[in-house]
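A look at the structure
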Amino acid sequence: MDIELMLKKAVLNAVGKLYKQTPDEKLIQIQKTRKDFDGDFTLVVFPLLRVSKKPPEQTANELGEYLKDNIEQISEFNVIKGFLNLSIDKIFWISYLNTVVQDDNYGFIKNKENPKTILIEYSSPNTNKPLHLGHIRNNLLGYSVAKIIESQGDKVYKVNLVNDRGIHICKSMLAWQKWGEINSYLNWIPINNLDSNYRSYLNKNNYPKEYVQFCKEIEKYCTKIISGYKTGNVRSKLGGNEYRSELKIIFKKIRNRGNSCEQLKYIIDNVDQFINKSTFKDLLRKRIKRQRKKVESLEVIKELLNTNITPDRIKRKGDHLVGDFYVKFDQEYKKEIEELVSKGQTEEDAKKNAPLILKAQEMLRKWEAKDPEIISLWKEMNHWVLEGFDITYKNLGVDFDKTYFESKTYKLGKKLVEEGLKERVLIKKEDGSVWVDLTKEGLDQKILLRSDGTSVYMTQDLGTAHQRFTDYNADEAIYVVGNEQNYHFQVLKIILGKLGFSWSEYLHHLSYGMVELPEGKMKSREGTVVDADNLLNEMTLTAEEMSRELGKLEGYSDSEEKQIIETIGLGALKYFILKVDPKKTMTFDPKESIDFNGNTGPFIQYTFARIQSIIRKANDKGMKLPIELNSKIKISNKELQLIKLIYSYPEVLKEAANDYSPAQIANYIYDLAKEFNQFYHDHPILGEDDKSISEFRLHLSKQLGEIIKSGMGLLRINVPDRM
RNA sequence: GGUCUCGUAGCUCAGUUGGAUAGAGCAAUAGCCUUCUAAGCUAUGGGUCGCAGGUUCGAAUCCUGCCGGGAUCACCA
């Protein structure tokens, strides 16, 4: 039963009876009474004055009297200025709570009539660099909105469109070809810039297996020889003391390099020197025949060091490795531009003429011509990146029903354009390029096919939109894409409309604001990006530190500990991002923004854990929840307030689904948790003597816990039973 | 320059189908752990809702102009 609807009808009825005139339904404004006034629902009477033709206070009083006398659930009313505050009988609220407790999917809509099929695209990464903070917002939003819409009974398909082709990936490929030898890579990659995983990995001496083997071999041979000299087993004619001292020097050099990381670099840098030393080689070859194979294996290792790096060899996440090369490309490209400028070219020309960019463009052409060598490199590098993304997605807790690749879809849309030309919706210019004229819509002209007949981004998006709607027979499609593309989607929608697709009006752009750092925008070229994997890691570390400090991790096994800190760290991050209205630009301060007190994820998780603790204790006591609550008990204002909050949950979900706004759920849950903590503070639950009241409070708490879990679940945030 | 968008407490954000005295958290200060988890609770201070007009019973919310920040306006994606 919807009490608000009932009230509305009652008021309509009352006005008709009292003033002999039925007002427009829109004039009946029922809203929840504000906290600082008595009452549950408020009727704003100002709009009704036209009908009543009496002053506001009098009108309100007359209506109040009538409603109190005629509506069973209305127990009290009061009038302040032009506001009629109505109080609903507490018996109603208690019985409402009763029905809610018995509903396992409270707030969710099941078996909706005519459910819609809705596609939601999010993430849409480029395969040339790892995911960053902006992607985190995108992914969390996309996943959460999908869940929220699903909760309202519609069928949702989550879709990812991976941008795996284009000049950007060629840049990484080219840099890999040029500076990808392991030797070279380890030389230019700034060790300090490597992520913490990699650093700790090096410090643990877990070198790539080839290096480990290499170092071991060298060391083994050398000690063997040296000890041979010492014990006199090696005859002097085989080498003499000169070898011995030489080997000693090599060892000393290696060992003087400080940490293992630098030792490794030193060995790699000087591998030629070691292996080519005739002394060393000859010694191994001639004098220790049995070791012949090992000498050869040294050659193999040398070979390996001169081959190109892969994620496997260095144990670096593939997306990060490819990202390294993207950055490297940019650095070298910049150098070339500077050089050309110093030789007298304008910057603009230099950007076009730099050899590197020309090569990258050539590579793209080869790719389009399906050059086998390029294609296989492209496949390999994309594979690395996608493997890396999968890990990040898994850590974030997001997934997809289907992944589209631009390499397969980029040619789509041409047909649509051709048809558009036939229909004379589009125009062909003299040079053969195809445009759409949007000047009537207050926009510019937009190109759809280049003069050489190839498609642009827009063409492809037209095609994928069409394909998706047909693939899924969808009713709506939502694109979770940053607000920098507002113009693009505006145009996309108009063009699809012009091409005659009626579904174009059901294409929504969920445009979210950028995530900025305190210093301003994130810029990958300037290194001011917050890497997604790093951030997730650091959140967990902070959570661990915090929990230890508070002594919350005592008495847990390692795996329980790990689970708790991950839940908390991730919860803090996800909540922080999702509580902000999607469309707003948000600021993220890595050091200060992430808090565990106040309006945060951990605060809510903590509240949930508290409730679970009470329930555990109740079970221990053998307390059972009654099927039917005693509706005659007295309940406090705080308790009433909590029931009213529970009452509004379904409405919050509905609004959040309509507005694509997880933030509304986040803020609601925060409210709920805050109110609960206040209630908890001064209402004993298990310690209450009156059994009916104790049962009621336990009931109430349990239900609040359920809603916290359910709401947080829609934000993809887990809640721990204890913390 | 055109178009779009945002501007609320020192900071991060709620609040906008027009409704009562504009709310939280962080930071600051002062309190509360022999009782269900103190990642909690209570209290204090902190505001020209960017500015100026307009619409009306009533404007942070709607309209216009201005100021300030951001995005976008490629035969890039």
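For the structure, see preceding data.
Now for a quick tour of the structure.

Reading the values: rules and limits
Residues numbered from 1 in each chain as written. Chains lettered and ligands numbered in written order. Predicted model: local features only at pLDDT ≥ 70, side-chain atom pairs only at ≥ 80, totals over all residues. Heavy atoms only, no water. Helix = DSSP H or I, 4+ residues; strand = E, 2+ residues; numbered from the N terminus. Buried < 20%, exposed > 50% of the residue type's maximum accessible area, 1.4 Å probe, protein only. Contact = heavy atoms within 4.5 Å. Areas by Shrake-Rupley, 256 points an atom, 1.4 Å probe, with all protein chains shown as cover. Expected span 1.5 Å × (residues − 1). Polar contact = N/O pair within 3.5 Å; in protein donor to acceptor, adjacent residues only side chain to side chain. Pairing = 2+ DSSP bridges. Axes fitted to C-alpha atoms, helices over the stretch in contact; angles between N-to-C directions. Near = heavy atom within 4 Å. Nonpolar A, V, L, I, M, F, W, Y, C, P; charged D, E, K, R; others polar. Core = buried A, V, L, I, M, F, W, Y, C linked by side-chain atoms within 4.5 Å. Parallel < 35°, antiparallel > 145°, perpendicular 65-115°, else oblique. Salt bridge = Lys/Arg side-chain N within 4 Å of Asp/Glu carboxyl O.

**Brief notes about the overall build of chain A**
Scanning chain A from terminus to terminus reveals 29 helices and 14 strands. Residues counted as buried form 51% of the 723 residues belonging to chain A. Counting contacts in chain A only where the partners sit at least 6 residues apart, residues at least 24 apart contribute 74% of the total. Entry remark: accessible area of chain A is about 36500 Å², with carbon and sulfur atoms responsible for 47%.

**Looking at helix α19 (residues 372-396)**
With 25 residues, α19 ought to run about 36 Å at 1.5 Å a step, and its terminal C-alpha atoms sit 36 Å apart, in line with that. Looking at where α19 begins, the residue whose side-chain oxygen comes 2.9 Å from the main-chain nitrogen of E373 is D371.

**Quick word on unusual backbone geometry**
Leaving glycine out, the prevailing phi sign among residues is negative, and the prevailing peptide bond configuration is trans. Although it is not a glycine, K53 sits at a positive phi angle of roughly 55 degrees. Here K53 lies in the loop between α2 (49-52) and α3 (56-70). With phi around 55 degrees, Y660 is a residue other than glycine that occupies positive phi space. Along the chain, Y660 falls in the loop between α27 (637-659) and α28 (662-682).

**A look at the sheet that holds strand β4 (residues 83-88)**
Sheet architecture is open: 4 strands sit in the order β1-β2-β4-β3, paired in antiparallel fashion. The open sheet has two free edges, formed respectively by β1 (29-32) and β3 (74-80), since each of these has just one partner strand. Geometrically, the sheet is characterised by an average inter-axis angle of 25 degrees between neighbouring strands, direction not taken into account. Where β3 meets β4, 6 bridges bridge the pair, whose relative direction is antiparallel. If you follow F77 over to β4, its bridge partner there is L86. In this fold α3 packs onto β2 (41-44), β3 and β4, with an angle of close to 175 degrees to the strand it touches most, β3.

**Re the protein's contact with RNA strand B**
Surveying the vicinity of RNA strand B reveals 63 residues, the closest of which are N163, D431, K552, Y606 and R610. Per the 4 Å cut-off to the protein, sugar and phosphate atoms form 61% of the nearby atoms of RNA strand B. Q29 is positioned with one of its side-chain polar atoms (N or O) 3.3 Å from a base nitrogen of RNA strand B. With respect to RNA strand B, the side chain of K81 contributes an N or O atom lying 3.0 Å from a phosphate oxygen. Looking at the surface near RNA strand B, the elements that each hand over two or more residues are β1, β2, β4, β14 (586-587), α26 (601-620) and α28. Here the residues of the surface near RNA strand B sort into 25 nonpolar, 19 polar and 19 charged.

**Regarding the nonpolar core**
Counting residues in hydrophobic clusters, the biggest one holds 163 residues, and the most contacted among them are L84 and L133. In terms of residue count, the dominant contributor to this core is α27 (11 residues). Once you skip the residues sitting within four places of it in the chain, L84 turns out to touch F41, T42, L43, V45, A60, L63, G64, L67, F77, N78 and V79. Core analysis: the next-biggest nonpolar cluster, separate from the first, contains 32 residues, A465, V481, L492 and F501 among them.

**Considering the packing of helix α21 (residues 414-422) against helix α22 (residues 457-472)**
Their axes nearest at 8 Å, the elements α21 and α22 cross at an angle of 100 degrees. The angle between the axes of α21 and α22 places the two elements in the roughly perpendicular class. In contact with K414, L416 and V417 of α21, α22 contributes T459, L462, G463 and H466. Within the contact of α21 with α22, the residues separate by chemical class into 3 nonpolar, 3 polar and 1 charged.

**A short note on the sheet that holds strand β8 (residues 427-428)**
Read from one edge of the open sheet, 3 strands run β8-β9-β10, paired in antiparallel fashion. The outermost strands of the open sheet, each flanked by one partner alone, are β8 and β10 (445-449). Where strand β9 (residues 434-437) and β10 come together, 4 bridges link them in antiparallel fashion. Looking across to β10, one finds that V436 is bridged to K446. Each of β8, β9 and β10 is contacted by α21, which is oriented at about 120 degrees to β10, the strand it contacts most.

**Quick word on the packing of helix α18 (residues 355-368) against α19**
The interhelical angle for the contact between α18 and α19, taken along N-to-C directions, is 100 degrees, at an axis separation of 8 Å. Accordingly, the angle class assigned to the pair α18 and α19 is roughly perpendicular. Across the interface between the two elements, M363, K366 and W367 from α18 touch I374, I375 and W378 from α19. Along the lines of polarity and charge, the residues of the contact of α18 with α19 split into 5 nonpolar, no polar and 1 charged.

**Points about the environment of K366**
Along the chain, the position of K366 falls in helix α18. What makes K366 partly exposed here is its relative accessible area of 35%.

**Considerations on the environment of R468**
Structurally, the position occupied by R468 is in helix α22. Assessed through its relative accessible area of 2%, R468 is described here as buried. Considering only alpha carbons, one finds R468 and D558, 90 residues apart in sequence, at a separation of 46 Å. Ignoring sequence-local partners within four residues, the contact set of R468 consists of L119, E121, V159, L161, Y404, N473 and Y479.

**Notes on the pattern of salt bridges**
For the structure shown, the criterion picks out 28 salt bridges. One salt bridge in this structure joins K147 and E150, with 3.4 Å as the shortest N-O distance. Separated by 3 residues within a single helix, K147 and E150 lie in helix α5 (residues 133-151), roughly one turn from each other. Residue class for K147 comes out partly exposed when judged on its relative accessible area of 25%. We note a salt bridge from E368 to R165, for which the minimum N-O separation is 3.0 Å. Remark: R165 occurs in the loop between β6 (155-162) and α6 (167-179) and E368 occurs in helix α18; sequence separation between them is 203 residues. Take E368: its relative accessible area is 36%, and that puts it in the partly exposed class.

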